[in-house]
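Topology and contacts: notes
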There are 2 protein chains.
Amino acid sequence: MIDTILNRCSIRKYTEQNIKEEDINTLLRAGFAAPCSKDSRCWHFIVLDDKEIMTSLGQNLTYAHMLEYANKAILVCAEREKAPLCWSLDCSAASENILLAAESLGIGACWTAVYPYKDREEVVRKNMPDIPLDVEILCIIPLGYPAKEKRIKEKYDISKIHRNKW
Amino acid sequence: MIDTILNRCSIRKYTEQNIKEEDINTLLRAGFAAPCSKDSRCWHFIVLDDKEIMTSLGQNLTYAHMLEYANKAILVCAEREKAPLCWSLDCSAASENILLAAESLGIGACWTAVYPYKDREEVVRKNMPDIPLDVEILCIIPLGYPAKEKRIKEKYDISKIHRNKW
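Residues numbered from 1 in each chain as written. Chains lettered and ligands numbered in written order. Predicted model: local features only at pLDDT ≥ 70, side-chain atom pairs only at ≥ 80, totals over all residues. Heavy atoms only, no water.

This next bit is on the packing of aromatic side chains. For the structure shown, the criterion picks out six aromatic pairs over all chains. Seen from their ring centres, F32 of chain A and F45 of chain A are 4.9 Å apart, and the 80° between their planes marks the pair as edge-to-face. Of the two residues, F32 of chain A is situated in helix α2 (residues 21-32) and F45 of chain A in strand β1 (residues 43-48); the sequence distance between them amounts to 13 residues. The interplanar angle of 70° and the centroid separation of 5.2 Å between the aromatic rings of Y156 of chain A and F32 of chain B together place this pair among those described as edge-to-face. Here Y156 of chain A, found in the loop between β5 (135-144) and β6 (161-163), pairs with F32 of chain B, found in helix α2 (residues 21-32), and the two come from separate chains. In this structure an aromatic cluster arises from ring pairing among F32 and F45 of chain A together with Y156 of chain B. Directly above the ring of Y156 of chain A sits R29 of chain B, whose terminal nitrogen or CZ lies 3.8 Å from the centroid. (Phe/Tyr/Trp six-rings, centres within 6.5 Å; stacked < 30°, edge-to-face > 60°. Helix = DSSP H or I, 4+ residues; strand = E, 2+ residues; numbered from the N terminus. Lys NZ or Arg CZ within 6 Å of the ring centre and 35° of its normal.)

If you want it as structure tokens, here you go:
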């Protein structure tokens, strides 16, 4: 488990291998198991496998171009009114669970941010106009089997560890 | 790994058993391994084991009373200017990594929110006045070996799973 956490990294190049529905369901179960403020469970997950939508999103979202080549993706969003102050934190924990579950299944994944960027949100809403306006969109996670070797960054930094005071 | 994600839950009652420094370091390594926006690495971690500070925080933070009885705790905070828009998302992913690493080591943990509640932030700043004002405080995670059996909530909800549209 610790190794999975330490070995997870953003994967942006994918093979064409199909991800099984059963594995997508495991990723979603992981998302649902995240902690959330006041048990709000504000999150919703939209599984993407429609190539037309994914291509259009990939071509119009600067930092999510790999959506065009991903096998599937999960869009993480939330009913704002269920957690107006904390939806983005709850959905961040859920997103991290999805990334870790993907890593443990050998599936490459990457958090591509939508929130808090208004221009990115507009692109998503234009391509997926049925998402209600009171639903906030945190991120899209492209998914696919890795086509390239991983490059894990060492981010541990002892100068950022403090004891009882800053 | 998937089991760890699915079995994690908030633990609020602890035994007096000491948590080894080596295990605290593993939790911190997990925190540092989280994804972050634009590689900002804005996070800092303050390990708490000073009983005076922990008792005062526990007595003054409504939802974090268990800090009084926890063996140790990790306060997750961030240099705001390194990720002004995304520090709370980055720190949420780091916090979830810490919670999962704790679960995998058999250590009980719980995300007690500080952000976005101004009153809670004031309590923390009063007790830890050396935290710079440009450092944002996301949460405090009390840590201890579980004193009670876990109660895992089933949060999976098929009505929150969508396909290509809302």
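This is not the end of the story, as more comes after the structure.
In this fold, A33 of chain B is placed in the loop between α2 and β1 (43-48). Put simply, A33 of chain B and A93 of chain B are 60 residues apart on the chain and 9.2 Å apart in space, counted from C-alpha to C-alpha. In contact with A33 of chain B, not counting residues within four places along its chain, are I5, L6, R8 and K155 of chain A together with N97 of chain B. (Contact = heavy atoms within 4.5 Å.)

What follows deals with unusual backbone geometry. Residue P116 of chain A follows Y115 of chain A across a cis peptide bond; omega there is 5°. Look at K38 of chain A: it is not a glycine, yet its phi comes out positive at around 50°. Summarising the element assignment, K38 of chain A is placed in the loop between α2 and β1. You will see that D39 of chain B, though not glycine, has its phi angle at about 55°, which is positive. Looking at the secondary structure, you find D39 of chain B in the loop between α2 and β1.

Attention shifts here to the pairing of strand β2 (residues 72-79) of chain A. Residues and elements named next belong to chain A. Counted residue by residue, β2 has seven buried out of eight residues, so it is predominantly covered. Taken together, the six bridges between β1 and β2 define a ladder with antiparallel strand orientation. Pairing of H44 across the sheet is with C77, part of β2. (Buried < 20%, exposed > 50% of the residue type's maximum accessible area, 1.4 Å probe, protein only. Pairing = 2+ DSSP bridges.)

Next up on the list: the relation of the copies chain A and chain B. Least-squares fitting of chain A to chain B yields an RMSD of 0.0 Å, with the superposition described by an axial translation of 0.0 Å and a rotation of 180°. Seen this way, the second copy is the image of the first under a two-fold rotation axis. Interface residue correspondence from chain A to chain B reaches 100%, placing this contact among same-surface, isologous pairings. (Least-squares fit on C-alpha atoms with pLDDT ≥ 70 in both.)

What follows deals with the interface of chain A and chain B. Each partner contributes residues to the interface: chain A has 67 residues there, and chain B has 67 residues. Summed over both partners, the interface of chain A with chain B comes to about 6100 Å²; 62% of that surface belongs to carbon and sulfur atoms. Summed over the shared surface of chain A and chain B, the result is six salt bridges. Between R163 of chain B and D49 of chain A there is a salt bridge, and its shortest N-O distance comes to 2.9 Å. If you look at where chain A meets chain B, you find 32 residue pairs in polar contact (both at pLDDT 80 or more). If you list the elements that add at least two residues to the side of chain A that touches chain B, you get α1 (2-7), α2, β1, β2, α4 (87-104), β5 and β6 of chain A. (Buried area = accessible area lost by both parts, 1.4 Å probe. Salt bridge = Lys/Arg side-chain N within 4 Å of Asp/Glu carboxyl O. Polar contact = N/O pair within 3.5 Å; in protein donor to acceptor, adjacent residues only side chain to side chain.)

Our next topic: the packing of α2 of chain B against helix α4 (residues 87-104) of chain B. Residue and element names in this part refer to chain B. Put simply, α2 and α4 touch, their axes get as near as 7 Å, and they point 145° apart. By crossing handedness, the relation of α2 to α4 is classed as right-handed. Across the interface between the two elements, L27, A30 and G31 from α2 touch A94, N97, I98, A101 and A102 from α4. Here the contact of α2 with α4 is composed, by residue class, of six nonpolar, two polar and no charged. (Axes fitted to C-alpha atoms, helices over the stretch in contact; angles between N-to-C directions. Left-handed = near helix turned anticlockwise from the far one by under 90°. Nonpolar A, V, L, I, M, F, W, Y, C, P; charged D, E, K, R; others polar.)

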